[in-house]
Amino acid sequence: MILKSYSQKMQTLILKDYEEMSQVAANEIIKTIRQKPNATLCFASGDTPKRTCQILAERILNENIDISNCQFIGLDEWIGIPPENEGSCTYFLMNYLFKTLNLSPNQYHLFNADETKSVEECKKMDDFINKSGGLDCILVGIGLNGHIGFNEPNIPFTNYCHVAELDELTVSVGQKYFNTATLLTKGITVGLQHLMEAKKAILIANGAKKATIMKAVYESEINNQIPATIMRTHPNGLILMDEAAADLVVIR
Ligand code: F6R
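Parameters at a glance
- Residues numbered from 1 in each chain as written.
- Predicted model: local features only at pLDDT ≥ 70, side-chain atom pairs only at ≥ 80, totals over all residues.
- Heavy atoms only, no water.
- Near = heavy atom within 4 Å.
- Polar contact = N/O pair within 3.5 Å; in protein donor to acceptor, adjacent residues only side chain to side chain.
- Areas by Shrake-Rupley, 256 points an atom, 1.4 Å probe, with all protein chains shown as cover.
- 1 Å grid on protein atoms, 1.4 Å probe; cavity = no way out; pocket = protein on both sides within 12 Å on 5 of 7 lines; lining within 4 Å.
- Sits in = over half its atoms within 2 Å of the grid points.
- Pairing = 2+ DSSP bridges.
- Helix = DSSP H or I, 4+ residues; strand = E, 2+ residues; numbered from the N terminus.
- Axes fitted to C-alpha atoms, helices over the stretch in contact; angles between N-to-C directions.
- Core = buried A, V, L, I, M, F, W, Y, C linked by side-chain atoms within 4.5 Å.
- Buried < 20%, exposed > 50% of the residue type's maximum accessible area, 1.4 Å probe, protein only.
- Contact = heavy atoms within 4.5 Å.

*Asks:* Explain the site of the ligand residue by residue, including any values.
*Replies:* Residues in close proximity to the ligand total 15 residues, the closest being Thr 48, Asp 76, His 147, Tyr 177 and Lys 210. Separating an oxygen atom of the ligand from a side-chain N or O atom of His 147 is a distance of 2.7 Å. Expressed as a share of its isolated accessible area of 410 Å², the protein-covered part of the ligand is 94%. Assessed atom by atom at 2 Å from the grid points, the ligand resides in the largest pocket.

Right, dumping it as structure tokens:
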């Protein structure tokens, strides 16, 4: 799928390093919360958002930002990986954000990784996001293959929540989150249509290992072989990169 007719409205900021990128990302999320105290916020897990989550939690607590009416959503989960596994997305978000913020269970929404429940899990998440009027802010990372969440290459841009077969690269790179070799085959994820309907979409990327895919995000046709190219069409999209990730990017 190649969409040439989309307008390119997205903003890009190149920050000195991981710390600065994370501070700006956290600040963008705080701006959303200040503008809308009952915001619905969606978060990726993984190495990239770690510091953003820490800074966000610190600032919310230190600045007494009222999040009692906010709702927090986990972007995705590995199918078959239980929440107590340190490599699960649930474990990440609970430990880097939700526990620190002392959220009550009715304030966070995470996918159950049990495959037998995946159809109802997708429906539940879709219904929740739609009932909330869409996501107010979504924070995503990017895979080396250009995936966002588990929206793997070739997934339709129009998908809402769904289960995806994982790309080989996602399976091999994904081992870094686990203490022992782990069988990863599928993921459950918020879809790109939710990202496109989000009032603000922030993609963060840091480190030299992301430089090649970031170049492709800016220079390729907008097409679902590189799902993150969809960011270029988001009416309120923001890409934050550190200098290393932006090294090969030429912004026109
Ligand atoms: C994880 C997720 C993935 C990651 C991506 C980058 O919840 O949605 O799409 O954002 O694979 O991972 P890191 O940040 O570990 O490089």
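*Asks:* With reference to specific residues and values, describe the sheet that holds strand β4 (residues 76–78).
*Replies:* Pairing between sheet strands relies on hydrogen bonds along the backbone, with the strands arranged either parallel or antiparallel. Taken in spatial order, the 3 strands of this open sheet run β4-β8-β7, and their pairing is antiparallel. The open sheet has two free edges, formed respectively by β4 and β7 (162–165), since each of these has just one partner strand. Strand-to-strand twist across the sheet, computed as the mean angle between neighbouring axes with direction ignored, equals 25°. Note: β4 against strand β8 (residues 186–189), 3 bridges, orientation antiparallel. Across the sheet, the residue bridging to Asp 76 is Thr 189, located in β8.

*Asks:* So what's going on with the nonpolar core? Which residues, and what values?
*Replies:* Residues Ile 138, Val 190, Leu 195, Leu 203, Met 214, Ile 239 and Met 241 are the most contacted members of the largest nonpolar core, which totals 43 residues. Mapped by element, the contributors of at least two residues to this core are α4 (118–131), β6 (137–140), α6 (192–197), β9 (201–205), α7 (211–219) and β10 (237–242). Among the elements that make up this core, the one with the highest residue count is α7 (5 residues). When residues no more than four places from it in sequence are discounted, the contact partners of Leu 195 are Ile 138, Val 140, Ile 148, Ala 201, Ile 230, Met 231 and His 234. Formed by 32 residues, the second largest nonpolar core is a distinct cluster that contains Ile 55, Ile 65, Leu 97 and Leu 103.

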